[in-house]
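Inside the fold
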Amino acid sequence: MAEVSAEEEAAPPSSPPLTDDDIVRLAREHPQTSASIPSFLLSSTSHPILISYLHSRATAASSSPSLAVSDYIFSLLSLISLSPRSSPIPTLFSSLLLAYIKLFNSRQIPHDGNSLKTIQLFYLHLEIAPNHDLLAVADAIVSDLLQIVDPDDAQLLDLLPRCLDLIRNSEGIERGGEFVNSVVDHVLTSDWSKALLVKLVSLIREISYLDKGRCREFLEKVFFGMKGVDLQDLPSLVYQLLVLASKGFSKREVIEGIVMFFGSQMGSKATSIVRQVEGTVLLHVNFSVKQDPSLGQEVLGLARSDRRVFNNFTVSVLLSLARVRRFNESSIGILKTALLMAYRDFKSAKSCKWLPSDLKEGYLQTVKKVEKAVMRAVNDSNFGREHIVPSIVQLGFILLESAEDGNQKAFYNTNGLMGTEELGIQMLKTLFEVHDMTRNEIIEQCKFRILSLKPEQSMPIIRLLGYLIQTLPYPMLEHVSRLKELLDYFTFMHGKIATCFVTALLPLIKYSRDLQDYTILVVRKAMFRREDTIRIAATNAIIDLILAEKQSKRDGTYSFQDSSSQASCSQKAEVPGSLGPGLFQELGGLLQRCLCQQATVKEIMYNGLVKLVLVDPLTAGPVLDFLLPHFLHFYREDADDQLDISCCVKSESGKICMEEPLDCLLSSISWILLLQPPGKTDRPSDSSWTCFGFSLSQENEAGKIMSSESFSSALLKIRQCLRRGNMEGSGIFGHTQDTGSRTSEDEKTRSCAFILSGIVEVLLNTIATEMEKATDIEKVDLLKELIEFVNHYDSLEKSRSMSRQRNGIKRGNLRNAVLDIPDNTDLGHMKLSRARIPFIATSSIYQLLQTFLDQYSLNFSDGVANSHNCSQSSSSKFSVCCSKMISFVLNTSLQQIKTFSVLGKDDPFKTLVYGEIEMLGPPLLKLIWLLKSEPTLEADQKKKETKGRKDVEDRREHLHLALICLKELIKTCLQNPHHTSLLEDLVSLSTVEYPLRNVADVGPDYECEIASGIEDQDVKSKVLLIAKCIRPLLSELLGLSFLREAEILCDVVLMIGHELPCEWRDFNRDWAVCICNTSGITNSKVAKSLVKLAICLSSPPNDLNLAQEMTKELLKVMGSEGSNPLETSETYAIINHSTTSATASSILELIESVIVDMDWVTAKLKTFSPVTLKTTSLDLSGEHASALGFEETVYSRAEALVRVLSSFVLMNLKDPQAEQLLRLVTRFYKHLAQMSKLRIAPKGCKQVLPGLKFQKLVELTCSQLTVPLYSFVALMQRDQQENAKSRGLLSKIKRENRWIPDLIFQIEDYEKYLIQLSKATKVNLLRHAKRSTSRDFKILEHPRTNTMGEEEPPNHNNSTAVENERVTGGHQECGDDAEEGHDGSERATSAPDEPCSPLAAEDSESDGEEEEEEEEEDRPNPNPKRSKMSKVVQESDDAA
């Protein structure tokens, strides 16, 4: 070939040179003529001429130089392609290509469609070029990348993949792969314009031989440069990337880059165009996943593993994937898990006291970020991404089904979060408002889920419906037909759901007369059902309908709208609401039927009528007229006993039940009379009263006018009758008409006493109301009447108590129907509860407190001076009356406070009955100080007479009850932020009216001075209340040995202290520690409260430091195996022989709380591990979280816990606390094993050396906890052996069979990971562990004495499962044998060149003893049954 070329070069041309036009003409004529190729073209001497033609055409003054060049090159290549490859054609081709590249880069040729055709022609003949010329071609292509500014400038890059592929596969080029890599590196290191970026993305899939590093670098450069790409180019660019990923090009990195780019970098550009672009990208992603399901798996895997990518675009991508059937469950599950996990992590972080505050704030920001991402995805759903709307509906209802309880909702609202329920409601509400197509689906889903889910799961769906009706009433009018279909199931719903559903419909009923009529029809049917819960729900619905109408009329919003002009033309026009009578008259028949139902229905109706009068006081007259005929069934004006209580109770199937709640009826009547406006009535016309079943003649018209007067007169007569009557013997209870047993009579008597007690409460409420406006002379008479009724009430309570004692009947069976009402159902103004609404208002209780307080203080202050002038009988009589009064008012106050949460905040009854409940605080505190400061208290204590002791006991009981009331009141006010004025009132009262007797009890003066300067009034009130009131009172009670009362105040300090900032908790902690140091209390309950107070008010890490100090002193008092116990601790006087168990219990509770926190922290520690941080950048608070600081915090906490536990394992603990300790230690070792495991780097990752904190923790655990722990277990079992005859030994052995092997397993699992970590890091972590330990725990037989005094031989035939569960960790060789610890089938317990186990006896000791034990096991036992009682789980002697 070389010779031929030489000859050709030497030979003269056979024909004259051709011009460029001749070449173009020949190429066009050649298909027709099939002439041979001119020799001029085949000669190497013609190459310069041919190349010159190319330059001349490019520089010619023509209108289209690119077309002239394209025609010439096309003609020339078509001619030379017909020549044999042995000719110099390849050299001509490479020269021509290089010349063209030079012209293209120098822009002498326009970059247009003609140039693109030329480059495509070169691409088809590229394999003609010689191998060594391809290197120059590749260099020429990438030599001028900076000049690429638009897509046409990048046309030459089409040749690059093919060129590099030929170079890489060519055998004639040495180190072709290195050259290809250098070209790729040159491209990657160059600056990319947006046109070059788009071009490279479209070409990179043809370069399939890139390694992972260059692929990652390429993608990083692409996603970094995407910020400058035009918005209209982004969808196509993303599609190219998805195609690239489907070819196997770094799928995870491609998916992550797309998600992060649109979620983070594009997230701030929330314009409509950007949202439309994102919608198009979502469609591309959805289509790509359908074509290549592996991309969907990558998306799911990325969302599971990396929390960085959870943004609004990720949510949209997952919702889009959920439209693919195979990914629906997984996508929705990931979104649900991410949301619930974010809420759960924040709650756990918030409750973990020792977690850094910045990390807590980080978790809060994470939850807010997640909520914002979800809502952003929902709000953007109408920007070209309507295909994700069904997925949003599905996710919204799933969140509603996973809704949290009321306490968690309050917790989230306090921290500015929505919570799962509110988030789901907002999602569905947004869709319902924006997307008309979703409305039918949302209503159908609500209907289906309300009927199919459990009641507690259906409540969020009901709240969703209520929210939609309140905010979007007119769109909801279009779905009245579906709501009516759901109403058809009213009688089949749970009572709570049925009631709440009707309540949710109330705002819509005022717009639709049709819906109101249908609701009334459904409720009317429900009143005839047998089920009590359905009738109760129907009664609630009736009351709610009437109240809703009255409220709407009062607010001027009750008028039925013509829905054809407001919502939909398909809705028929409604009847105006102003026509016809009100619902109270229309539903009179149903209300009358309620009077024939069980007592619970009547109570609901009575309370509802009071609410009606509260909403519209002008309806008081008609309501009283309605109740009067029913009241006359039980009231006899001319009889000696006006009330026929016996008719209120009946016997059914041998059981006494309440038929008429007469006390509730009288309470309602009294409230209505009080609320009735003087001189005003709202009586309907006579025709409207026919709905009640009767018409008014002249006679009953006269009676109707006097209904309020009749009730007033009747109540006055009842009041006089009960005042003068003997409650037990007056015959007011009636007589049984059958000859039943004594038990039935007692039950009826107790039931009647229960009703009568309620009536007395109603009368006391009336008297207290009158006292507010009475003159001083009238107050004297009212006070006497008050005392008489309190005495009557006390006698009734005694009667009921004696009846229960005789018959063994538990209180609370009378109102069993009331207890069936669902509780804690909050929807708008209604809140049902199991608790009964009190008959006495808070204002009345306040008046009673003030009255009794004045009388008590006055008489007892005069009692000392006039004790010699007063007779013993009068003093005793007053003392008894005073005791009854105080007992009554305190019990009533406690009931009032505890039932405060019965009604919702918008319930009209809330203001009427409870009012400002914080007003009870000051009089309660006055009473507490008065009872505590009673001057005759100490003298009475010294008396030996029964009467003196009785008075002292009564006053102490009153003090105890008053403190409980104050505690519950403070608790209630702390839970309701709008009632915080109580704390200020108590502080003012403590400072002004009751100054401290001992100023030293308050503590340092600077504490109060600093507290006075606090800007936050809430914190200031809490600090001053503790400092000026609670702490001095507690110190004084401790001095008086009022231990039960002091325990209550400890709870108050702890309750308020938890609400204080850290620095103010420390003040109270120091005070509590001071008491523990100096007070030698022997009462275990008070000691436990004080120790718990000192520990719980300590901020971490001081809490465990204090616990460590107390544990050391506790060890001295309880004693250990080698030391004698002390009588009392020298440092903490509160730790003595009487309080050791209580102190240990308090510290163990702290340990358990720390371990509970570690359950969550250890699980999250994986996120902060060095290996995880290499692949995941945790960004909680907007900045990178300090993993090292988090780990050191966890290790420091664990180290402090080890120090506390190390003292416990040396104590002589009793069995229950010893078992609790070992269970806690087992859980702790499980966490230690997890921490050690996370320190081990997986394959392919660099192993990081353990930090000093971790090494110190391991050293401390091995030396101070693991070693004595085995001795502790052995000592426990030895004590069991010595007390083998004690009761409950067998059950204890069974418990040990469970937790001792588990403990040993967790210890060895921990040591296994330590061994692996030691080998990986070359750091000996087990240098403080002892040599091999035999952990053979077996059943030891001990001789038993039979009834004849002979020893029974041991039985080995029926051994328990202990020996089968024994865990053997000893007798393993060190050194090379321990290397097998990495094998999962073995439990390695030793480190290289170190002892194999942390605790053991020497090998030489264990061998001989084990042989002796094996010989004992071979002996027969003739009595297997008796031997089971003698078996004790104990560690073998060689492990002792």
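Analysis parameters
Residues numbered from 1 in each chain as written. Predicted model: local features only at pLDDT ≥ 70, side-chain atom pairs only at ≥ 80, totals over all residues. Heavy atoms only, no water. Helix = DSSP H or I, 4+ residues; strand = E, 2+ residues; numbered from the N terminus. Expected span 1.5 Å × (residues − 1). Buried < 20%, exposed > 50% of the residue type's maximum accessible area, 1.4 Å probe, protein only. Polar contact = N/O pair within 3.5 Å; in protein donor to acceptor, adjacent residues only side chain to side chain. Contact = heavy atoms within 4.5 Å. Phe/Tyr/Trp six-rings, centres within 6.5 Å; stacked < 30°, edge-to-face > 60°. Lys NZ or Arg CZ within 6 Å of the ring centre and 35° of its normal. Core = buried A, V, L, I, M, F, W, Y, C linked by side-chain atoms within 4.5 Å. Pairing = 2+ DSSP bridges. pLDDT = per-residue confidence, 0-100.

Some points on helix H50 (residues 1043-1057)
Under the 1.5 Å per step criterion, the end-to-end length of H50 is 21 Å for 15 residues, consistent within 8% with the ideal 21 Å. The buried count for H50 comes to eleven of 15 residues, which makes it a mostly enclosed element. Looking at H50, one finds that the buried residues are Glu1045, Ala1046, Ile1048, Leu1049, Cys1050, Val1052, Val1053, Leu1054, Met1055, Ile1056 and Gly1057.

Regarding the side chain of Ser190
Relative to the elements of secondary structure, Ser190 occurs in the loop between helix H10 (176-189) and helix H11 (194-203). By relative accessible area, which is 10% here, Ser190 ends up buried. In this structure the side chain of Ser190 is engaged in a polar contact, spanning 2.6 Å, whose partner is the backbone oxygen of His186. Setting aside anything within four residues of it in sequence, one finds Ser190 in contact with Leu145 and Lys221.

Considering the packing of aromatic side chains
Per the stated rule, a full pass over the model turns up 22 aromatic pairs. Between the aromatic rings of Phe262 and Phe313, the centroid separation amounts to 5.0 Å while the plane-to-plane angle is 25°, which identifies the pairing as stacked. Residue Phe262 is found in helix H14 (residues 251-265), and its partner Phe313 is found in helix H17 (residues 312-321); the two are separated by 51 residues along the sequence. Comparing Phe262 with Phe313, the two get one shared label, buried. For the ring pair Tyr793 and Phe888, a centre distance of 4.9 Å and an interplane angle of 70° mean the geometry is edge-to-face. Here Tyr793 is found in helix H39 (residues 776-807), whereas its partner Phe888 is found in helix H42 (residues 872-898), with 95 residues between them in sequence. Each member of the pair, Tyr793 together with Phe888, is buried. Cluster of aromatic residues (ring-pair linked, three or more members): Phe93, Tyr100, Phe104 and Phe122. For Lys484, the ring lying beneath its charged end belongs to Tyr518, and the centroid distance is 5.1 Å. The aromatic ring of Tyr914 is capped on one face by Lys910, whose charged end is 5.6 Å from the ring centroid.

Notes on the nonpolar core
Counting 427 residues, the largest nonpolar core has Phe218 and Phe1208 as the members making the most contacts within it. Looking at this core element by element, the count peaks at 13 residues for helix H38 (residues 742-773). Other than its neighbours up to four places away in sequence, Phe1208 contacts Thr1111, Leu1114, Ala1144, Ile1147, Leu1148, Ile1151, Leu1213, Leu1221 and Phe1272.

Section: the pairing of strand S1 (residues 649-652)
Sheet topology note: the S1/strand S2 (residues 655-658) ladder contains four bridges and is antiparallel. Looking at S2, one finds that Val649 is bridged to Met658. What sits between S1 and S2 in their antiparallel hairpin is a turn of two residues, with Ser653 showing a positive phi close to 55°.

Observations concerning the environment of Ala1094
As for its position among the elements, Ala1094 is in helix H52 (residues 1084-1096). On the accessibility criterion, Ala1094 (0% relative accessible area) is buried. Along the backbone, Ala1094 and Asp1066 are 28 residues apart, and their C-alpha atoms lie at a distance of 9.3 Å. Sequence-distant contacts of Ala1094, defined by excluding residues within four places in its chain, comprise Arg1069, Ala1072, Val1073, Cys1076, Leu1106 and Met1110.

Focus on the confidence of the model for the chain
Put simply, the chain has an average pLDDT of 78, and 76% of its residues get 70 or more. Low confidence marks residues 864-872, where pLDDT is under 50. Its contacts with residues over four positions away, or in another chain, come to two contacts. Under a pLDDT of 50 for its full length, residues 1336-1440 has, in the predicted model, 212 contacts with residues more than four places off or in other chains.

Brief notes about unusual backbone geometry
Cis geometry is found at the peptide bond from Pro1100 to Pro1101, where omega equals 5°. Note that Pro1101 resides in the loop between H52 and helix H53 (1102-1118). In this structure, Ser1041 takes a positive phi of about 65° despite not being glycine. For Ser1041, the location among the structural elements is in the loop between helix H49 (1017-1039) and H50. Here Ser1041 falls in the partly exposed class, since its relative accessible area comes to 46%. At Lys1322, a position not held by glycine, the phi torsion is positive, near 60°. For Lys1322, the position within the fold is in the loop between helix H59 (1289-1321) and strand S5 (1337-1340). We classify Lys1322 as exposed; its relative accessible area is 74%.

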